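Analysis of the macromolecular model
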Amino acid sequence: MTELKVQIKQLIISSLDLEDMTTADIADDEALFVDGLGLDSIDALELGLAIKKQFDVKIDANSEQTKAHFASVNSLAHFIEQARS
């Protein structure tokens, strides 16, 4: 597991107050919304702001691509790596 994926999982847990979860509870390819982790649109906003702040990346809230970026930890890591380069 890459350090970036661990950071993303820690950010999900801390920014959404998922105190009873650990990074090991979140699979890299698990869906973050609806099925899988079960996050909702409010969680998406909070997570988006936290990612923007921690990783200094630009996120377009109205983009269909953004929904794809937030599908899983893997897709978020890929998005952040691309945005940084």
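Look above for the structure.
What you see is a predicted model, and the numbers here were worked out from it, not measured in a lab.

Moving on: helix α1 (residues 3-15). The end-to-end C-alpha distance of α1, which contains 13 residues, comes to 18 Å, matching closely the 18 Å that a straight helix rising 1.5 Å per residue would cover. Within the sequence span of α1, burial applies to Leu-4, Lys-5, Ile-8, Lys-9, Leu-11, Ile-12 and Ile-13. Those residues of α1 that are buried lie in contact with α2 (41-55) and α4 (73-84). Two residues or fewer past α1, Asp-17 is found with a positive phi of approximately 55°.

A word on the pattern of salt bridges. Inspection of every chain in the model, using the stated rule, returns 3 salt bridges. One salt bridge connects Asp-28 with Lys-5, and the closest N-O pair in it is separated by 3.9 Å. Of this pair, Asp-28 sits in the loop between α1 and α2 while Lys-5 sits in helix α1, and the two are 23 residues apart along the sequence. Lys-67 is paired through a salt bridge with Glu-64; the nearest N and O atoms lie 3.5 Å apart. Of this pair, Lys-67 and Glu-64 both sit in helix α3 (residues 64-69), separated by 3 residues, roughly a single helical turn.

Residues Ile-8, Ile-12, Leu-32, Ile-51, Phe-55, Leu-76 and Ile-80 are the most contacted members of the largest nonpolar core, which totals 23 residues. Contributing elements (two or more residues each) for this core: α1, α2 and α4. In contact with Leu-76, other than residues within four places in its own chain, are Ile-8, Leu-32, Leu-47, Ile-51, His-69 and Phe-70.

What counts, and at which threshold
Residues numbered from 1 in each chain as written. Predicted model: local features only at pLDDT ≥ 70, side-chain atom pairs only at ≥ 80, totals over all residues. Heavy atoms only, no water. Helix = DSSP H or I, 4+ residues; strand = E, 2+ residues; numbered from the N terminus. Expected span 1.5 Å × (residues − 1). Buried < 20%, exposed > 50% of the residue type's maximum accessible area, 1.4 Å probe, protein only. Contact = heavy atoms within 4.5 Å. Salt bridge = Lys/Arg side-chain N within 4 Å of Asp/Glu carboxyl O. Core = buried A, V, L, I, M, F, W, Y, C linked by side-chain atoms within 4.5 Å.

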